[in-house]
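Chains, contacts and geometry: an overview
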Amino acid sequence: ALVVMTATDKKPAGLQMSWPFPAQKGEQFQVNLQTKGGGKASFIVRLEKAGGDNERLIDEKVVVSAKVTKSGFQSLAIPEDGTYRVSFYLGTLEAGDKVWIDNVELIPVKKF
């Protein structure tokens, strides 16, 4: 995905991309992605419970650079069965920022 910010919102959730998925108690996941962009743009990657209190099992800042960068984050254990989501919070990008996000993977790493 290519994100070109036309106007900043100053709130992370002002621009968000999310992918929901079912998960069971005790599972853990690895989220991998590649990024590229101009300047020192950054955004937040989260794995969180969908709806309700949005409990965060991954909450990491990704700083984007001019070269392709690989990032990976491992979640805490899923606390209860339900719907969770991988989310990218991009609302704090500055006007004119360009960010490429590619090769996003959600990989189960532990299952009880």
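Let me sum up the structure you'll find in this document.

Rules used throughout
Residues numbered from 1 in each chain as written. Predicted model: local features only at pLDDT ≥ 70, side-chain atom pairs only at ≥ 80, totals over all residues. Heavy atoms only, no water. Core = buried A, V, L, I, M, F, W, Y, C linked by side-chain atoms within 4.5 Å. Buried < 20%, exposed > 50% of the residue type's maximum accessible area, 1.4 Å probe, protein only. Helix = DSSP H or I, 4+ residues; strand = E, 2+ residues; numbered from the N terminus. Pairing = 2+ DSSP bridges. Salt bridge = Lys/Arg side-chain N within 4 Å of Asp/Glu carboxyl O.

In terms of nonpolar packing, the biggest core is built from 25 residues, with Leu33, Phe43, Val45, Leu47, Phe88, Leu90 and Ile101 touching the most fellow members. Secondary structure elements with two or more residues in this core: strand E2 (16–23), strand E3 (28–37), strand E4 (42–49), strand E5 (56–63), strand E7 (82–89) and strand E8 (98–110).

The next subject is the pairing of E7. Burial analysis of E7 places six of its eight residues in the buried class, the great majority of the element. Relative to E7, E2 runs antiparallel, the two being bridged by eight bridges. Opposite Pro20, over in E7, you have Arg85 as the bridge partner. Looking at chain direction, E4 and E7 are connected through six bridges and run antiparallel. Opposite Lys49, over in E7, you have Tyr84 as the bridge partner.

Applying the stated criterion across every chain yields a total of five salt bridges. Linking Glu94 and Lys10 is a salt bridge whose minimum nitrogen-to-oxygen distance equals 3.3 Å. With Glu94 in the loop between E7 and E8 and Lys10 in the loop between strand E1 (2–4) and E2, the pair connects residues that are 84 residues apart, well separated along the chain. According to the relative accessible area criterion, Glu94 is partly exposed, its value standing at 39%. Under the relative-accessibility criterion, Lys10 is labelled exposed at 56%. Among the ionic pairs, Glu80 bridges to Lys49, the shortest N-O distance being 3.4 Å. Taken as a pair, Glu80 in the loop between strand E6 (69–74) and E7 and Lys49 in strand E4 lie far apart in primary sequence, 31 residues in all. According to the relative accessible area criterion, Lys49 is buried, its value standing at 16%. Through salt bridges with shared partners, a single network forms among Arg46, Arg56 and Asp59.

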